[in-house]
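Fold and geometry: a report
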There are 2 protein chains.
Amino acid sequence: MTTTAARPAPSPAPAPTDAEPRVDVAALEEQLLGRYAQLRREARAITADPDFQKIEGMPVAEHRERVLAQLRRLEADHDVLRAFPARLGGADDHGGSLARFEELVVGDPSLQIKAGVQWGLFASAILHLGTAWHHDTFLADAMHLRVPGAFAMTETGHGSDVASIGTTAEYDAQTQEFVIHTPFRGAWKDYLGNAALHGTAAVVFAQLVTAAPGGPRVDHGVHAFYVPIRDPRTGEFLPGVGGEDDGVKGGLNGIDNGRLHFDHVRVPRTHLLDRYGSVAPDGTYSSPIASPGRRFFTMLGTLVQGRVSLDGAAVNASKVALAIAVTYANQRRQFTGGDAEEVVLLDRGQHQRRLLPLLAETYAATFAHEELLAAFDDVFSGRGDTPEQREDLETLAAALKSSSTWHALRTVQTCREACGGQGFLAENRLTGLHADMDVYATFEGDNTVLLQLVGKRLLGDYAASLSALQRDRGDLARFVAERVADAALHRTPLVRAVQTLGDLGDARRSVGQLRDEATQRELLTDRVEAKVAQVAQALAPARKLSPDKAAALFNAHQHELVEAARAHAERVQWEAFTRGLAQVQDPGTRQVLTWVRDLFGLSLIERDLAWYLINGRLSAGRARTVTSYIDRLLVRLRPHAQDLVDAFGYRQEHLRAPISSGAERERQDEARAHQRALRASGAAPVPEKHAKG
Amino acid sequence: MTTTAARPAPSPAPAPTDAEPRVDVAALEEQLLGRYAQLRREARAITADPDFQKIEGMPVAEHRERVLAQLRRLEADHDVLRAFPARLGGADDHGGSLARFEELVVGDPSLQIKAGVQWGLFASAILHLGTAWHHDTFLADAMHLRVPGAFAMTETGHGSDVASIGTTAEYDAQTQEFVIHTPFRGAWKDYLGNAALHGTAAVVFAQLVTAAPGGPRVDHGVHAFYVPIRDPRTGEFLPGVGGEDDGVKGGLNGIDNGRLHFDHVRVPRTHLLDRYGSVAPDGTYSSPIASPGRRFFTMLGTLVQGRVSLDGAAVNASKVALAIAVTYANQRRQFTGGDAEEVVLLDRGQHQRRLLPLLAETYAATFAHEELLAAFDDVFSGRGDTPEQREDLETLAAALKSSSTWHALRTVQTCREACGGQGFLAENRLTGLHADMDVYATFEGDNTVLLQLVGKRLLGDYAASLSALQRDRGDLARFVAERVADAALHRTPLVRAVQTLGDLGDARRSVGQLRDEATQRELLTDRVEAKVAQVAQALAPARKLSPDKAAALFNAHQHELVEAARAHAERVQWEAFTRGLAQVQDPGTRQVLTWVRDLFGLSLIERDLAWYLINGRLSAGRARTVTSYIDRLLVRLRPHAQDLVDAFGYRQEHLRAPISSGAERERQDEARAHQRALRASGAAPVPEKHAKG
C-alpha cells in the first residue's frame, strides 16, 4: 500500500522563485537531528523495519505479544542499553540513550512506552535508587529482559500525588524482611505496564515503616523495593500477590497494563533499593538526605528521564503528523480557484492558518527538546550535577513535557481533520497516533499538575529575587517603583492613550518592531514576569491566613498560576528556537527559519493578545499588526512548507501513510488528465448553463 | 462492572446551602428533553439495553455484524420508521424521528451512523429525491432493511465539493438506460457505509449527461440514481461493479465503510430519482427548477437531516462525557487542602475552569439543537416550507453542526484528561467516544467548509441589507455615518480613552453590566455584524478584479470569514439558551441556569477578548472584569455541577463508566476510613518529620 521511496514524494506545489530564499533541506535535517544525529539515524533504521511497526486494528492480545517480541529483538540485535554502566555492558550514555528511545514512537508508541517501562523505569529504578548489590543482583536480568518488570508507583487512589500512596512496607527486624501490603482498594498499584501479563518482578513504591531498637515505629515516606511478583515458569502470581488486567485502553494497547495488590508479601531487607535510605538489620533507618521532603523529591528526580523522553517522543509524533498532512495538502486538490483549476489544499488561507503555526511550534519544540536532552545528559553524566542543576532540569522537563504532549495532541488532531475522510482511515496513521499519544498528557505527571509545579518554582524564584532585593534598600525602592509604574500602566488610560498615539503613524513600522527578535523576547519575557508577579501579589496575604483560607486563596489563583507556567514554557521554547536559529549557516535556510521563529513568537502573542492589551503591553494598533504580520508570514512560508517537513528527516517507511506516498498526486494527475483529454477530444458534454445560453 | 442503579451515584460534594438556589433537577431534565421528550425516553430505553451498547475492543469484523444485527432488531422491535410516509407505515414525523436517532449515539455511535446511512441517507434519498414510483418500488425494502444500501455521494477525489464529482451517468436513448461510470480512480465512491460488506444497492450520485433528440450532449449536473450493487444471495458484486474495504478506521468500526467503482453499469431510465430532474425516453431533460445551481442546492438541501442529527448526537456525546467527568470529579480526591483532608477534584480552581465552561456550552448547544430540530420539522412537515425557510434551516444546520461536533471533541478530550489514567481506560467510555466522534467534524460537510458556507450567507445578507439601504438615501447616509463612526472607534484613542475613563469607577458596576442580558447580547451581536462588515469591506474590491485576483483576495480573508461564521454560530447558541432560560419556571433553577448562561456568554467574550479590545468594544478595565466575573461564576456554579449533569437525564446504564458508578467514592471512603481507624487505634507510625521533632 505504501510506496517506500526514500523520501516523501516531492510536491507539485509552488516552488520558491529565484528571488525567494531556499531551504537547504539536508543541512537543516542534520541540524534538527542534533548532537545525537548518528544514534537517531540508527534508531530510525529500526523503525523503518516493518517488524517494528504498529499494525492498526491488531487485536489487543496479539499486539501485546508482538511488542514484547519487539523488545526482545531490540535487546538482542540493537544498541538499547546505552544508559547503563559500562561495567554491565552499557555505555553510560544517558542523553544518547534517550535520543534513541524517543525515536521508537515512530514505529509504534506502544513499543516506545513498553521499552520505557522496562529500561527507563524498572531497570532505571534499580540503577538509580539501588546500590552496588542491587546492580549486581538484579540489573543484568532487567537489562536483558530475562526479568520483565513493572514499575509499581501509581495507585488507583493516587496518581500524580505519589507522596500520599497507601502501600506500606513495614520492616520486621525479627526476620529481617519488609512486609509489602496494600491495605485498601485505592492502594492497589494501577496502570502498570508489564503488570497484567509479562512482569515477573516489580519495583514497588511504598511507605517505609521501621523502628530503631526501642524506638517508635516511624514512617519514613516513600521508598522503592524490588519485589518478585510472578513465577517465571508458570506465569502465576506468587503467594500474596494478586492483580487485574486494566483491559482495553484508548491507545497503547501493545502494553499489558494492569493492577497489582499485595497481602503482607515478605521480601528480604536487602530488597530495599537503598541509595537514598537504608534500614540496618536492627531496624535503624538512615539516609544521606536528612529532610524527608528533599529525599522524596531527590528519589523522584532520578526518574526525570521519563518526562524527558515523552517530550522528545511527542515532538517526533508531531513531526510525523505534519509531514503526512502537509504532503497531502500539497497534492490534494479541492474546489476551484480563480482559473477554474482545482486548488491544492495548502494554497487555501484557512488551511495555512491551521497547519503552519503548528509547524512553527514543532520547530520550537524540537530545539527546546534538544536543549532539555543536553541538560539531562549534563546532570546524569555527572558533568553538571548540582542540586540547582537537577532542580532546573526537573522544572524544564515538567514545562516542556506538558507543552509538547498537548501540542502533539492538538497537532495530530488538526492534521487528521485537515486530511478529511482520508485522515480518519487507520492506514493513514493519524487516528492511531492520537489514540496512542492521548495518555502522554496525563501519565508521568499530569500536565496540569506539572504546570503547577513549574508555577510554584517560578513563584519561589520570584520570592527569592524579592528577598535578594530586600537586602539592598536602594534596589528595592527601584523595584517597588517599577511595580507601581506597572500597576499604573494597567489602569491609567492616559498612559495607554499616549502609547496608542505613538502607534497611529506607520503600521509597517509596527510590524517591523514585531519582527524584531528583541521585541518578541521582551514581550514574551515580560509576560512571564508580570504573570508571576501578579500571582505572587495575589497570594501574598496567604502567609497571614489560616491553612484553610490560604489553601482557598491559592485555589482561587490556581488557573493564573498554570497560565504563568504555560507562558514560561512558551518563552523557553522561543529562546531555544532563537538559539537554534543562530546556528544556521545557510542564508536561505536562516531567512526561512527566521520566518518560522517569528510565526511561532507572534502566534504565542496572538493567543494571549488580550493579556497584552489589558496590561498595557500592546496598544490596539500594534495588536492589530500581530495578526496581519502572521497573515504575511503564512504567505511567505507557504512555498517552503514541504521543505520544512522534509527536513524532519522521516521517509515514507516512517510516515507509512498512503496519502503522503504520492498516491494522491497520481490520482489528481489522472483526473486532470482525463478532464483535459475529454475537453481536447471534443467529447465533453456541454454544461447545462452553457447549453441554454 | 457497572452499577446499574437508576441514577448516577449522588455525590458527597458540597451541597448548596439553604441560602443558595437549588436546581429542580427533574423539571430541568424534562425541559431539556424538549418537545420530543417521550420519543427520547423511548430511545433511551433502547440504549439502556446491553444488546444495543458498544463493546470496546471488539474486533472490527464482529463489531460490524453486531451493529447490522442491532439495526435489524431496531427495525423489527422499535419505532424507527417515523420519518417515512404514513401510507408506507411511517408517521411523517421528521423531527421526532431525528430526536430518536440522535439518542442512539449513547448506545454506540456506530449504531447511530449505520442507522443514519440506511434510513437517513439511503432510504431518505429515495424518499426525497425520488417520486411515487421509486417510493412504491424501492422504499419498503430500504425501510425494512431487506435492502441494506449505500449512499454513494462522496468520492476519493471529491468530498465536500459534491458539485465536482467525477462519476457520470450518461443516458442511452437506444436502450433507455443510464450508464453509470467512474472514469478514473479519484471518481471512485469512498467512505460509504454499507459499501464494504452489507449493501446490496446504492443511491449513486453522478453527473447526468443526456441529449434531447438532435441536440448536443448536455451535462445537467449531479443527480441521484438507484443502482443495485451486490447479488443479495451470494454477496458478490454485480457485473461492472467493484469495490474495496476502507479497512480499520479511527472509530465507528461497527460500520463497513468502503469504496465502489462502476464500469459502464447500466440501470433502467426509471432508476433516476427524478423529483428535481427527469429524462424522457427520448433523452429530453426537464426539471421543475430552471437554474442548475439552485437545483443542485435544493437536492442537497433535502439531505440536511444528516447535519441536524449529527448536531444532536454531538450534544448528547458531550452530555455523557460531562456526566462521567463531573461525577468522578465530585468523588475522586487528590492532594490535601488546607485541613490535610484530600480534596475532591472539582473543588480545584483549575478543574472548574476546565469543565464548567464546557458544561455551559453544552447547555447552550442543547437549547440551540432543540430549535434546529423545530426548524427542521417545520420545513419537512411542510408547515413552513418556503425557499427562505429552507435556506435558513441549512445555514443553521451548518453553523450548529460545526460548532457542536468540535465542541464534543474538545469536551470529550478534556473530560478524558480530567479523569487521568482512569479516563484512558476504554471501560470508562471517554476514549471510545472521542475516537467515534472524531469524524463528525469532517463528514456530512467538513466543519471548515460549512463555516465558509455560513460566512458566505452572512456576506450575502449583509450585501442585501446594504442594497436595501441604497434604495433609501436617507438611511444610507445614516448607515455610512455609523460605519464611519465605527471605523473611528477602532482607530481613535480619544474615543477609547473616554470609554476607559468611564470604567475607572466601580469594577462591580462593570461586572453588573456584563451580567446584564442586553449587554451580552449587544457584545455578541455586534461582534458578528462588525466581523461580517469587515470581511465585506475587505472583499469589496473583488468585483473589479480578474477571477484569479478575486479568488486570491477571498483566500486572503478566508480565515476572517470562518471566524465571522463562528461568531454567528456562537451568537445563535447564546440566543437559544436565553430563550430556553425564559421558559424556566422554578426560581432556583432559573437563577442557576442564568449563571450557566452568563458563563457561556462571558466565556465566548473571553475567548475573543482581544477582538473586543482592538475594536474598541471593551476597555481594558471592562475586559479585566470579564475574567473576574467568570471566576466568580465558577465558584457559584460549582455546588450545582452535579445537578446540572444529572439533569441531562442519563442514567448509569447510559454512562456505563465504572468511574462514575460510585466505585470511586467507595474506594475513597474506604481509604479514609482506614486512615482514620489507624489514627484512632494509635497503631499509625509516626511520620519521620515528627519523630525528629
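Along every chain, residues carry numbers that run from 1 in the direction the sequence is written. Following the order in which they are written, the chains are lettered starting with A and the ligands numbered starting with 1. Per-residue local features are limited, in this predicted model, to residues with pLDDT of at least 70; the limit for side-chain atom pairs, both in listing and counting, is 80 or more; totals at the level of whole chains, interfaces and linings are taken over all residues. Only hydrogens and water are removed before side-chain values are computed, so all heavy atoms of the structure are retained for them.

1. Concerning the pattern of salt bridges
Residues and elements named next belong to chain A. Here is the rule: We define a salt bridge as a side-chain nitrogen of Lys or Arg found within 4 Å of a carboxyl oxygen belonging to Asp or Glu. Numbering of helices and strands starts at the N terminus; helices are DSSP runs of H or I of at least 4 residues and strands are runs of E of at least 2.
Going through the model one piece at a time under the given rule, you end up with 110 salt bridges over all chains. Between E361 and R607 there is a salt bridge whose closest N-O contact spans 2.6 Å. Of this pair, E361 sits in helix α9 (residues 349-381) while R607 sits in helix α20 (residues 587-607), and the two are 246 residues apart along the sequence. Here R457 and D461 are joined by a salt bridge, their closest N and O atoms 3.4 Å apart.

2. Re the sheet that holds strand β7 (residues 241-245) of chain A
Sheets are built from strands that pair by backbone hydrogen bonding, the pairs being arranged parallel or antiparallel. Residue and element names in this part refer to chain A. Threshold: Note: two strands are recorded as paired if DSSP finds a minimum of 2 bridges between them. Think of each axis as a best-fit line through the C-alpha atoms, taken over the contacting stretch in the case of a helix, with angles from 0 to 180 degrees between the N-to-C directions.
Across the sheet, which stays open at both edges, the three strands sit in the order β4-β8-β7 with antiparallel pairing between neighbours. Where the open sheet ends on each side, the last strands, each with one partner, are β4 (189-192) and β7. Each strand axis lies, on average, 25° off the axis of its neighbour in the sheet, ignoring direction. Pairing between β4 and strand β8 (residues 258-262): two bridges, direction antiparallel. Within the sheet, the bridge partner assigned to K189 lies in β8 and is L260.

3. Here we look at the UniProt feature "domain: Acyl-CoA oxidase/dehydrogenase middle" (unreviewed entry) in chain A
Applicable threshold: UniProt positions are given in the numbering used here, feature names are shortened, and annotations may be inferred rather than shown by experiment.
Here, the residues flagged by UniProt with the feature "domain: Acyl-CoA oxidase/dehydrogenase middle" (unreviewed entry) are residues 150-265 of chain A. Structurally, residues 150-265 of chain A is divided into 0% helix and 44% strand, and its ends, taken at the C-alpha atoms, are 16 Å apart.

4. Description of the packing of aromatic side chains
Definition in use: Between the rings of Phe, Tyr and Trp (Trp by its six-membered ring), a pair exists once the centres lie within 6.5 Å; its type follows the angle of the planes, with under 30 degrees stacked, over 60 edge-to-face, and the other angles tilted. Between buried and exposed lies partly exposed: a residue is buried under 20% and exposed over 50% of the maximum accessible area for its type, with that area taken using a 1.4 Å probe on protein chains only. A ring is scored as having a charge over it whenever the NZ atom of a lysine or the CZ atom of an arginine sits within 6 Å of its centre and within 35 degrees of its normal.
One pass over the structure, following the stated rule, counts 28 aromatic pairs over all chains. The interplanar angle of 55° and the centroid separation of 5.1 Å between the aromatic rings of Y171 of chain A and F178 of chain A together place this pair among those described as tilted. Taken individually, Y171 of chain A and F178 of chain A each receive the classification buried, so the pair is uniform in this respect. Between W133 of chain B and F138 of chain B, the aromatic rings sit 5.5 Å apart at their centres with planes inclined by 85°, giving edge-to-face as the arrangement. Judged by its relative accessible area of 8%, F138 of chain B is buried. Members of the aromatic cluster, joined through ring pairs, are F122, W133, F138 and Y226 of chain A. Positioned above the aromatic ring of Y650 of chain A, the side-chain terminus of R44 of chain A is 3.9 Å from the ring centre.

5. Topic: the environment of R429 of chain A
Residues and elements named next belong to chain A. What counts is decided by this rule: Any pair of nitrogen or oxygen atoms within 3.5 Å is treated as a polar contact; in protein, a donor-acceptor pairing is required on top of that, and neighbouring residues in sequence qualify only through side-chain atoms on both sides.
Turning to its location among the elements, R429 is positioned in the loop between α11 (420-424) and α12 (430-437). Its relative accessible area of 8% is what places R429 among the buried residues. From its side chain, R429 meets the backbone oxygen of V106 in a polar contact 3.2 Å long.

6. Looking at the sheet that holds strand β7 (residues 241-245) of chain B
All names here are of chain B. Reading across from one edge, β4-β8-β7 is the order of the three strands in this open sheet, with antiparallel pairing throughout. Because the sheet does not close on itself, it has two edges, and the strands there are β4 (189-192) and β7. Strand-to-strand twist of the sheet, defined as the mean angle between neighbouring strand axes without regard to direction, takes the value 25°.

7. Focus on the relation of the copies chain A and chain B
The following threshold applies: Least-squares superposition of the copies uses the C-alpha atoms of those residues scoring a pLDDT of at least 70 in each of them. Pairs of residues are marked as contacts when any of their non-hydrogen atoms sit within 4.5 Å.
In the superposition of chain A on chain B (RMSD 0.0 Å, axial shift 0.0 Å), the rotation amounts to 180°. Such a combination of turn and shift is consistent with a two-fold rotation axis. Rotation axis and chain A: the residue whose C-alpha lies nearest the axis is A610 of chain A, separated from it by 2.1 Å. The fraction of interface residues of chain A whose copies in chain B are also interface residues reaches 100%, indicating that both copies meet through the same surface.

8. With respect to the environment of G107 of chain B
All names here are of chain B. Within the secondary structure, G107 is located in the loop between α4 (94-101) and α5 (109-129). Along the primary structure G107 and T47 are separated by 60 residues, whereas in three dimensions their C-alpha atoms are 4.6 Å apart. If we skip the residues at most four places from it in the chain, G107 touches T47, F52, Q53, K54 and R656.

9. Concerning helix α22 (residues 620-637) of chain B
Which entries qualify depends on this criterion: Expected span, for any helix, means 1.5 Å times one less than how many residues it has.
With 18 residues, α22 of chain B ought to run about 26 Å at 1.5 Å a step, and its terminal C-alpha atoms sit 26 Å apart, in line with that. Within α22 of chain B the residues assigned to the buried category are A620, R622, A623, T625, V626, Y629, I630, L633, L634 and L637 of chain B.

10. A word on the packing of helix α10 (residues 387-418) of chain A against α12 of chain A
Residues and elements named next belong to chain A. Stated precisely, the cut-off is as follows: In what follows, roughly perpendicular refers to angles from 65 to 115 degrees, roughly parallel to angles under 35, roughly antiparallel to angles over 145, and oblique to any angle outside these ranges. A crossing counts as left-handed when the near helix is turned anticlockwise from the far one by less than a right angle, and as right-handed when that turn is clockwise.
Two numbers describe how α10 lies on α12: the axes approach to 9 Å, and their chain directions differ by 160°. Between α10 and α12, the interaxial angle falls into the category roughly antiparallel. The chirality of how α10 crosses α12 is left-handed. Contact residues: A408, L409, V412, Q413, C415 and R416 in α10; L430, T431, L433, H434 and M437 in α12.

11. So, the interface of chain A and chain B
For the record, the criterion: The buried area of a pairing is the accessible area, by a 1.4 Å probe, that goes missing from both parts when the two are put together, added over both.
Every contact between the two is made by 105 residues of chain A and, on the other side, 105 residues of chain B. Both sides of the chain A and chain B interface together cover about 8,400 Å² of buried area, and 56% of this is carbon and sulfur. Of all residues in chain A, Q350, F424 and E688 of chain A bury the most surface against chain B, accounting for 9% of the area lost on that side. In this assembly, chain A and chain B are joined by four salt bridges. For R416 of chain B, the salt bridge identified is with D438 of chain A, shortest N-O distance 2.8 Å.

12. Section: helix α18 (residues 547-556) of chain A
The set of residues buried in α18 of chain A consists of A550, L553 and N555 of chain A. Buried positions along α18 of chain A lie against α17 (517-539) and α19 (558-582) of chain A together with α9 (349-381) of chain B.

13. With respect to the UniProt feature "domain: Acyl-CoA oxidase C-terminal" (unreviewed entry) in chain A
In the numbering used here, UniProt assigns the feature "domain: Acyl-CoA oxidase C-terminal" (unreviewed entry) to residues 523-660 of chain A. Structurally, residues 523-660 of chain A is divided into 78% helix and 0% strand, and its ends, taken at the C-alpha atoms, are 38 Å apart.

14. Overview of the domain arrangement of chain A
All names here are of chain A. Here is the rule: Where each domain starts and ends follows an automatic or database-derived domain assignment. Three residue categories are used. Nonpolar comprises Ala, Val, Leu, Ile, Met, Phe, Trp, Tyr, Cys and Pro, charged comprises Asp, Glu, Lys and Arg, and polar comprises the others, including Gly.
If you check the domain split of chain A, you get domain 1 (151-287 + 296-301) and domain 2 (304-678). For domain 1 and domain 2, the distance between their C-alpha centres works out to 39 Å. Facing six residues of domain 1, the contacting portion of domain 2 comprises twelve residues. Each partner contributes to the roughly 640 Å² buried at the junction of domain 1 and domain 2, and carbon and sulfur atoms together form 49% of this total. On the domain 1 side of the contact with domain 2, S160, L252 and G301 bury the most area, a combined 69% of that side's loss. Viewed at the interface, domain 2 and domain 1 are joined by zero salt bridges. Where domain 1 meets domain 2, there are three residue pairs in polar contact (both at pLDDT 80 or more). Looking at side-chain class alone, the side of domain 1 that touches domain 2 contains two nonpolar, four polar and no charged residues.

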